[in-house]
Amino acid sequence: MDKFFNSDNMVMRTLSKIFDIGWLTLIYLVFCIPIVTVGAATTSLYYVSAKVLRHNRSYVWREFWHSFKTNFLQSTIAWVVTAIIVVLLWLNMNIVAETGGEKGGYLIGAYYALLFIILCISCYIYPIISRFGTKFSQILRLSLYCAFRHFLHTLLMLVILAATVALIWLGMVTNVVLVFIFAPGAASLLYTFPMEHVMKKYMPKEEKKYTEDGEEIVAWYNE
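Each residue is numbered by its place in its chain's sequence as written, counting from 1. A pLDDT threshold of at least 70 governs which residues receive local features in this predicted model, and a stricter bar of 80 or more applies before side-chain atom pairs are shown or counted, although totals over entire chains, interfaces and linings include all residues. Side-chain figures throughout are based on the complete set of non-hydrogen atoms in the structure, without hydrogens or water.

**Examining the overall build of the protein**
Just so we agree on the cut-off: In this description a helix means any DSSP run of H or I spanning at least four residues, a strand means any run of E spanning at least two, and both kinds are numbered starting from the N terminus. Only protein chains enter the area calculation, which uses a 1.4 Å probe; residues under 20% of their type maximum are buried, those over 50% are exposed, and those in between are partly exposed. Contacts are assigned to residue pairs that have any heavy atoms within 4.5 Å of one another. Residue-level accessible areas treat just the shown protein chains as cover; the underlying method is Shrake-Rupley with a 1.4 Å probe.
Within the protein one finds eight helices and two strands. Helices and strands appear in the protein in the N-to-C order α-α-α-α-α-α-α-α-β-β. The proportion of buried residues among the 223 residues of the protein is 38%. Long-range contacts, defined here as pairs at least 24 residues apart, represent 67% of the contacts in the protein between residues at least 6 apart. Split by element, the accessible area of the protein, about 13,700 Å² in all, is 69% carbon and sulfur.

Take a look at the structure:
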């Protein structure tokens, strides 16, 4: 019985992970309610998924709030700019669709291509904001570069996002509440695997640091 309730027991670790996923999802959904905070909340969702859920460092709420405060400005700029561009493209597509004609078909195709590019960039921009403390213009360029330099990773992340949206929609149709509680957090954890594989290629080299006992201190994202 003591072994069962031991925090190092696989069952307890699994239950703890499930709880953290649900807790992270709940925090994320609450922070998305004001709409304008969706960008900062998404950045924090990834940060906590990578650091706490995957690498077991620190605690969900502590790291979520830390990332939210630290990256609020850049994340909000990214979210607002993206939302405005997508809305404008969508409105133009509707206008062109109403006018019809062969040229209209070409324009709609071009608009869909632009939407796809924006979606690919968005796959990277929030995780990159959560990791790199640099100018927004540099974050945007790196996101664009990674989106097509690592296109297979990008496609995999798009599949994860599409599957999550489909699962949430299915949960809405079938009234399965558990989907809302766990889907975003679980998907974000899964998302870290292709994303971290890409981001490790662009992490700057750091000087090695050691504890007083001579053990090397390894940053959580390098584990």
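Structure's up, so let's keep going.
**Quick word on the pattern of salt bridges**
Selection criterion: In the sections that follow, a salt bridge refers to a side-chain nitrogen of Lys or Arg positioned within 4 Å of a carboxyl oxygen of Asp or Glu.
Counted according to the given criterion, the structure contains two salt bridges. Between Lys51 and Glu63 there is a salt bridge, with its nearest N and O atoms 3.4 Å apart. In this pair, Lys51 is assigned in helix α2 (residues 38-54) and Glu63 in helix α3 (residues 60-70), connecting sequence segments twelve residues apart. Since its relative accessible area comes to 14%, Lys51 is described here as buried. You can call Glu63 buried: its relative accessible area is 7%.

**A word on the side chain of Asp20**
To keep things clear, this is the line we draw: Only four residue types enter the charge count: Lys and Arg as positive, Asp and Glu as negative, with His and the chain ends excluded.
Locating Asp20 in the fold gives a position in helix α1 (residues 10-32). No salt bridge is formed by the buried Asp20, whose closest oppositely charged neighbour, Lys17, lies at an N-O distance of 5.9 Å. For Asp20, the contacting residues outside a window of four places in its chain are Leu53 and Val60.

**Thoughts on the nonpolar core**
We apply this condition: The term nonpolar core refers to a set of buried residues drawn from Ala, Val, Leu, Ile, Met, Phe, Trp, Tyr and Cys, joined through side-chain atoms within 4.5 Å.
Ranked by size, the top nonpolar core spans 23 residues in total, and within it Tyr46, Tyr124, Ile125, Ile128, Tyr191, Met195 and Met199 carry the most contacts. Contributing elements (two or more residues each) for this core: α2, α5 (102-131), α6 (136-149), α7 (151-174) and α8 (177-199). The element contributing the most residues to this core is α5, with seven residues. Apart from residues no more than four positions distant in its own chain, Ile125 is found in contact with Ala78, Phe136, Ile139, Leu140 and Ser143.

**So, the packing of aromatic side chains**
A ring pair, where both rings are aromatic, is described by two values, the distance of the centres and the angle of the planes. As a reminder, the rule being used: Each aromatic pair joins two rings of Phe, Tyr and Trp (for Trp, the six-membered one) with centres within 6.5 Å, and gets the label stacked for planes under 30 degrees apart, edge-to-face for over 60, and tilted for any other angle. Two conditions define a charge sitting above a ring: the NZ of Lys or the CZ of Arg must be within 6 Å of the ring centre, and it must be within 35 degrees of the ring normal.
Counted under the stated rule, the structure contains twelve aromatic pairs. Centre to centre, the rings of Trp65 and Phe68 are 5.9 Å apart; their planes meet at 10 degrees, and the pair counts as stacked. Placement of both Trp65 and Phe68 in helix α3 is noted, with a separation of three residues, approximately one turn of the helix. The class for Phe68 is buried, based on a relative accessible area of 9%. Here the aromatic cluster, defined as three or more aromatic residues joined through ring pairs, consists of Phe31, Trp61, Phe64, Trp65, Phe68 and Phe72. The positively charged end of Arg54 is found above the aromatic ring belonging to Phe193, 4.1 Å away from the centroid.

**Observations regarding the packing of α7 against α8**
Formally: Each axis is a line fitted through C-alpha atoms, and for a helix only the stretch in contact is used; angles between axes span 0 to 180 degrees, taken between their N-to-C directions. Orientation categories follow fixed angle ranges, with anything under 35 degrees roughly parallel, anything over 145 roughly antiparallel, 65 to 115 roughly perpendicular, and all other angles oblique. Polar here means any residue outside two lists: the nonpolar Ala, Val, Leu, Ile, Met, Phe, Trp, Tyr, Cys and Pro, and the charged Asp, Glu, Lys and Arg; Gly therefore counts as polar.
Between α7 and α8, the least distance of the axes is 10 Å, while the angle of their chain directions is 175 degrees. If you check the angle between α7 and α8, you find them roughly antiparallel. Contacts from His153, Leu156, Met157, Ile160, Leu161, Thr164, Leu167, Ile168, Gly171 and Met172 of α7 reach α8 at Val179, Phe180, Ala183, Ala187, Leu190, Tyr191, Pro194, Met195, His197 and Val198. Residue composition of the contact of α7 with α8, grouped by class: 16 nonpolar, four polar and no charged.

**A word on the environment of Leu114**
Inspection of the secondary structure puts Leu114 in helix α5. For Leu114, a relative accessible area of 39% puts it in the partly exposed group. As a C-alpha pair, Leu114 and Ile85 span 29 residues in sequence and 9.7 Å in three-dimensional space.

**Comments concerning a nonpolar patch on the surface**
Let me state the cut-off plainly: Each patch is built from residues that are more than 30% exposed by relative accessible area and take part in no salt bridge. Like charges join if they lie within 9 Å; nonpolar side chains (Val, Leu, Ile, Met, Phe, Trp, Tyr) join within 5 Å.
A surface patch of nonpolar side chains, amounting to about 670 Å² of accessible area, comprises Leu114, Phe116, Ile117, Leu144, Phe148, Phe151, Leu152 and Leu155. Of all the secondary-structure elements, those providing two or more residues to the nonpolar patch are α5, α6 and α7. Residue class for Leu155 comes out partly exposed when judged on its relative accessible area of 33%.

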